[in-house]
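Listed here are the chains, written in short residue letters.
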Amino acid sequence: WQLSASPRGRRLASASADGTVRLWDTRAAINGSTTPTLTLSGHTGDVFTVQLHPAEPLVLSAGYDATVRLFDLNKGEALKTLHGHKLLVSSAVFNAAGNLIVSGGKASRSRA
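(A) Main features of the sheet that holds strand 7 (residues 68–72). In space, the 4 strands of this open sheet follow the order 5-6-7-8, with antiparallel pairing throughout. Of all strands in the sheet, those with a lone pairing partner are strand 5 (47–52) and strand 8 (77–82), marking the two edges. Averaged over all pairs of adjacent strands, the angle between strand axes in this sheet comes to 20°, irrespective of strand direction. As judged from the 5 bridges shared by strand 6 (residues 58–63) and strand 7, these two strands associate in the antiparallel manner. Bridge pairing in strand 7 places S61 opposite R69.

What follows is the structure, encoded as C-alpha coordinates:
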(Lines give C-alpha, C1' and ligand atoms only; values in the text may rest on other atoms or scores of the structure.)
Protein backbone atom coordinates (compact mmCIF):
# COMPACT_ATOMS: atom_id res chain seq x y z
CA TRP A 1 0.00 0.00 0.00
CA GLN A 2 1.15 3.46 -0.77
CA LEU A 3 1.44 7.02 0.53
CA SER A 4 1.42 10.27 -1.43
CA ALA A 5 2.49 13.72 -0.27
CA SER A 6 1.24 16.98 -1.75
CA PRO A 7 3.85 19.11 -3.57
CA ARG A 8 4.34 21.36 -0.53
CA GLY A 9 4.07 18.48 1.92
CA ARG A 10 1.01 19.82 3.75
CA ARG A 11 -1.19 16.84 2.94
CA LEU A 12 -0.51 13.14 3.04
CA ALA A 13 -2.82 10.54 1.48
CA SER A 14 -2.67 6.86 2.41
CA ALA A 15 -4.06 3.77 0.67
CA SER A 16 -5.50 1.08 2.90
CA ALA A 17 -6.39 -2.60 2.92
CA ASP A 18 -9.83 -1.69 4.28
CA GLY A 19 -10.86 -0.11 0.95
CA THR A 20 -10.41 3.49 2.05
CA VAL A 21 -8.15 6.42 1.30
CA ARG A 22 -7.26 8.64 4.24
CA LEU A 23 -6.06 12.22 4.10
CA TRP A 24 -3.81 13.63 6.80
CA ASP A 25 -2.79 17.21 7.59
CA THR A 26 0.95 17.01 8.22
CA ARG A 27 0.98 20.17 10.35
CA ALA A 28 -1.65 18.67 12.66
CA ALA A 29 0.33 15.43 12.82
CA ILE A 30 3.48 17.32 13.83
CA ASN A 31 1.43 18.87 16.64
CA GLY A 32 0.36 15.43 17.85
CA SER A 33 -2.90 14.71 15.98
CA THR A 34 -3.34 11.06 15.00
CA THR A 35 -6.73 11.54 13.34
CA PRO A 36 -7.15 11.74 9.56
CA THR A 37 -8.84 14.89 8.29
CA LEU A 38 -10.84 12.95 5.70
CA THR A 39 -11.65 9.31 4.95
CA LEU A 40 -12.77 8.47 1.42
CA SER A 41 -14.61 5.27 0.62
CA GLY A 42 -15.98 3.55 -2.46
CA HIS A 43 -13.52 0.80 -3.28
CA THR A 44 -14.76 -2.73 -2.59
CA GLY A 45 -11.33 -4.16 -1.79
CA ASP A 46 -7.77 -3.22 -0.92
CA VAL A 47 -6.57 0.15 -2.21
CA PHE A 48 -3.05 -0.37 -3.55
CA THR A 49 -2.10 3.06 -4.83
CA VAL A 50 -2.93 6.69 -4.15
CA GLN A 51 -1.66 9.97 -5.57
CA LEU A 52 -2.49 13.58 -4.77
CA HIS A 53 -2.96 15.86 -7.78
CA PRO A 54 -0.02 18.25 -8.31
CA ALA A 55 -2.17 21.41 -8.19
CA GLU A 56 -5.86 20.67 -7.53
CA PRO A 57 -7.65 19.31 -4.42
CA LEU A 58 -7.98 15.86 -6.00
CA VAL A 59 -6.72 12.40 -5.13
CA LEU A 60 -6.48 9.36 -7.38
CA SER A 61 -6.75 5.81 -6.07
CA ALA A 62 -6.80 2.29 -7.50
CA GLY A 63 -7.04 -1.20 -6.16
CA TYR A 64 -8.21 -4.77 -6.01
CA ASP A 65 -11.71 -3.97 -7.33
CA ALA A 66 -10.22 -3.19 -10.80
CA THR A 67 -11.24 0.47 -10.63
CA VAL A 68 -9.46 3.80 -10.62
CA ARG A 69 -11.25 6.49 -8.62
CA LEU A 70 -10.87 10.25 -8.65
CA PHE A 71 -11.96 12.00 -5.45
CA ASP A 72 -12.67 15.68 -4.82
CA LEU A 73 -11.02 16.57 -1.50
CA ASN A 74 -13.19 19.66 -0.96
CA LYS A 75 -16.44 17.70 -1.29
CA GLY A 76 -15.09 14.45 0.17
CA GLU A 77 -16.67 12.38 -2.59
CA ALA A 78 -15.82 10.47 -5.74
CA LEU A 79 -15.97 12.50 -8.95
CA LYS A 80 -15.32 9.59 -11.31
CA THR A 81 -14.93 5.84 -11.19
CA LEU A 82 -12.94 4.58 -14.14
CA HIS A 83 -13.57 1.06 -15.38
CA GLY A 84 -11.49 -0.71 -18.00
CA HIS A 85 -9.23 -3.06 -16.13
CA LYS A 86 -10.39 -6.66 -15.84
CA LEU A 87 -8.27 -7.47 -12.80
CA LEU A 88 -6.68 -5.52 -9.95
CA VAL A 89 -5.08 -2.13 -10.58
CA SER A 90 -1.70 -1.92 -8.84
CA SER A 91 -0.63 1.54 -10.02
CA ALA A 92 -2.26 4.80 -11.11
CA VAL A 93 -0.62 8.21 -11.46
CA PHE A 94 -1.23 11.70 -12.80
CA ASN A 95 1.18 12.97 -15.43
CA ALA A 96 3.29 16.01 -14.44
CA ALA A 97 0.69 18.47 -15.79
CA GLY A 98 -2.10 16.66 -13.93
CA ASN A 99 -4.32 16.36 -17.00
CA LEU A 100 -3.81 12.64 -17.75
CA ILE A 101 -4.09 9.49 -15.66
CA VAL A 102 -2.06 6.38 -16.40
CA SER A 103 -2.90 3.08 -14.72
CA GLY A 104 -1.59 -0.46 -14.80
CA GLY A 105 -2.35 -3.74 -13.16
CA LYS A 106 -2.52 -7.45 -13.42
CA ALA A 107 -2.96 -8.60 -17.01
CA SER A 108 -4.11 -12.17 -16.43
CA ARG A 109 -4.99 -14.66 -13.76
CA SER A 110 -2.18 -16.93 -12.61
CA ARG A 111 -2.57 -20.55 -13.59
CA ALA A 112 -1.77 -23.28 -11.11
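Let's pick the thread back up.
(B) Representation of the nonpolar core. One finds A13, A15, V21, L23, L38, L40, V47, V50, L52, V59, F71 and L73 forming the largest nonpolar core, which totals 12 residues. Elements with a minimum of two residues in this core: strand 2 (11–15), strand 3 (21–25), strand 4 (38–40) and strand 5. At 3 residues, the largest contribution of residues to this core is made by strand 5. Ignoring any residue separated from it by four or fewer positions in sequence, one finds A15 in contact with W1, Q2, T20, V47, F48, T49 and V50. Core analysis: the second largest hydrophobic core is formed by 8 residues, A62, V68, V89 and F94 among them.

The rules behind these values
Residues numbered from 1 in each chain as written. Predicted model: local features only at pLDDT ≥ 70, side-chain atom pairs only at ≥ 80, totals over all residues. Heavy atoms only, no water. Pairing = 2+ DSSP bridges. Helix = DSSP H or I, 4+ residues; strand = E, 2+ residues; numbered from the N terminus. Axes fitted to C-alpha atoms, helices over the stretch in contact; angles between N-to-C directions. Core = buried A, V, L, I, M, F, W, Y, C linked by side-chain atoms within 4.5 Å. Buried < 20%, exposed > 50% of the residue type's maximum accessible area, 1.4 Å probe, protein only. Contact = heavy atoms within 4.5 Å.

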